[in-house]
Structures are given as structure tokens and as C-alpha cells.
Amino acid sequence: MFTFFKISVFTAVVALFMLSLITISDVINHRNQFQFYILTLIIVMLFFAIGCTGIIIYNNFRNIYHHISKDKQQHPAKVSVRKLLLVFSLIAIAITLFAGSLCMGLLERINDGTALFG
């Protein structure tokens, strides 16, 4: 279960970082009004912060999982942690699909030559 959680969280984090890089490329490629630069940078920081939050969530669950795995007497806690890992893995997969579809849409929009905002 932990391997599934690890892979799904890492793919979600990579997708969010790719999304922030694709979005920041709009600032470099297009000349927009100043308010659209600010809006684009805010969105980039939001995607980057969500990706960093994913890393923090992964580290916390990894520590909890390893701590509970060492103790033989905490069987109910092991079951609860496995269920939480499954739930967060499914959420990470949904975030990966959402961020991946946004990446594809933004890349198509950049290839058409239109700005992301404005």
C-alpha cells in the first residue's frame, strides 16, 4: 500500500510542478498587461505551493507509516493508516489527472500562440 501511495503522490507532485513551469513560460513568451503578469505569477505560486504541500504530506505519512510498522501491538492503527494511504493515493491520482489535463490544454494554447490569461 505504501508503494502505491508513494508513486501516486510523486506523480501528482511532478504534474503540479510541470503545470507551474508551463504556466510561468507564458510570462516569458507573451507580452501581456501588467495585471495578467501578476495573475499568472499568483497561479504559478499556487501550483508550486500545492506541489510542496504534497511533498510535506508524503513525508508525514511516511514517518507515521514507518513508526507504526515498527510496533507490533498497534494493529488497529495499521489498518487506519492503510485506509488513509489509500484515500490520499486516490486523491493524488485525481490531482494528477486534473493537472495533466491542464498541462495538455495549456501546451495546446501556447502552441496556438495565445496567452494563457488576457
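In every chain, residue numbers begin from 1 and rise along the written sequence. Totals for whole chains, interfaces and linings use every residue, but because this is a predicted model, local features are given only for residues with pLDDT of at least 70 and side-chain atom pairs only at 80 or more, for both listing and counting. Excluded from the side-chain calculations are hydrogens and water; all other atoms, namely the structure's heavy atoms, are used.

Asks: Got a minute to help me understand the overall build of the protein in this structure?
Replies: The way it works is that DSSP assigns letters per residue, a run of H or I at least four long becomes a helix, a run of E at least two long becomes a strand, and they are numbered from the N terminus. Tallying secondary structure elements over the protein gives 3 helices and 0 strands in all. The C-alpha atoms of the protein give a radius of gyration of 18 Å, which is well past the 13 Å a tight globule of 118 residues would have. Projecting the C-alpha coordinates of the protein onto the three principal axes gives extents of approximately 60 × 20 × 15 Å. Classification of residues uses two cut-offs on accessible area relative to the type maximum, computed with a 1.4 Å probe and protein chains only: under 20% is buried, over 50% is exposed, and between them is partly exposed. Expressed as a percentage of the 118 residues in the protein, the buried residues total 29%. For this analysis, residues touch if any pair of their heavy atoms sits within 4.5 Å. In the protein, the proportion of contacts linking residues at least 24 apart, taken out of those at least 6 apart, comes to 75%. Residue burial considers only the protein chains on display, and all accessible areas are found by Shrake-Rupley using a 1.4 Å probe. Accessible area of the protein: about 7,600 Å², with a carbon and sulfur share of 71%. His is not counted, nor are the chain ends, whereas Lys and Arg count as positive and Asp and Glu as negative. For the purpose of locating charges, the reference atoms are NZ of Lys, CZ of Arg, CG of Asp and CD of Glu. For the protein, the separation between the mean place of its 9 positive charges and that of its 4 negative charges on side chains is 21 Å. C-alpha atoms define the radius of gyration, and 2.2 Å times the number of residues to the power 0.38 defines the globule rule.

Asks: Can you walk me through the nonpolar core in this structure?
Replies: Soluble globular proteins tend to pack their nonpolar side chains together in the buried interior. Here, nonpolar core refers to any group of buried Ala, Val, Leu, Ile, Met, Phe, Trp, Tyr and Cys residues whose side-chain atoms link them within 4.5 Å. Core analysis: the biggest nonpolar cluster contains 11 residues, these being F2, F5, V9, A12, V13, Y58, F61, I68, V81, L85 and A92. For this core, the elements supplying multiple residues, two or more each, are α1 (2-29), α2 (34-70) and α3 (75-112). The element best represented in this core is α1, accounting for 5 residues. Discounting residues that sit within four places of it in the chain, A12 has contacts with A92, I95 and T96. Counting 10 residues, the second-largest nonpolar core is a separate cluster that includes I22, C103, L106 and I110.

Asks: What is the right way to look at the packing of α1 against α3 in this model?
Replies: When two helices pack together, their arrangement is given by the angle between their axes and by how far apart the axes lie. The convention used is that axes are lines fitted to C-alpha atoms, helices contributing only their stretch in contact, and that angles between N-to-C directions extend from 0 to 180 degrees. At a closest axis distance of 8 Å, the pairing of α1 and α3 adopts a crossing angle of 25 degrees. Classified by the angle their axes make, α1 and α3 are roughly parallel. The hand of the α1/α3 crossing is left-handed. Roughly parallel refers to an angle under 35 degrees, roughly antiparallel to one over 145, roughly perpendicular to one between 65 and 115, and oblique to any angle outside these ranges. Note on convention: the crossing is left-handed when the near helix lies turned anticlockwise from the far helix by less than a right angle, right-handed when the turn is clockwise.

Asks: Mind showing me how you'd approach the layout of surface pockets here?
Replies: Over the atoms a probe the size of a water molecule is rolled, and this reveals where empty space is left. Here the largest pocket defines a volume of roughly 210 Å³. Space inside and on the surface of the protein is sampled on a 1 Å grid over the protein atoms alone, with a cavity defined as a set of points where a 1.4 Å probe fits but cannot get out and a pocket as an open set with protein on both sides within 12 Å along at least 5 of 7 lines; lining residues have an atom within 4 Å of a point. Lining the largest pocket are V9, A12, V13, L16, I50, T53, G54, I57, F88, I91, A92 and I95. Elements that contribute at least two residues to the lining of the largest pocket include exactly α1, α2 and α3. Grid points are joined across faces, edges and corners, and a volume is the space filled by probe spheres set on the points.

Asks: Looking at this structure, how should I read the packing of α2 against α3?
Replies: Following both chains from N to C, one finds α2 and α3 inclined at 160 degrees, their axes separated by 11 Å at the closest point. One finds that α2 runs roughly antiparallel with respect to α3. Both α2 and α3 take part in a crossing whose hand is left-handed. On α3, the residues that touch F47, I57, F61, I64, Y65, I68 and S69 of α2 are A77, K78, V81, L84, L85, F88 and L102. Polar here means any residue outside two lists: the nonpolar Ala, Val, Leu, Ile, Met, Phe, Trp, Tyr, Cys and Pro, and the charged Asp, Glu, Lys and Arg; Gly therefore counts as polar. Of the residues assigned to the contact of α2 with α3, the class counts are 12 nonpolar, 1 polar and 1 charged.

So yeah, pure geometry; function would need other evidence.
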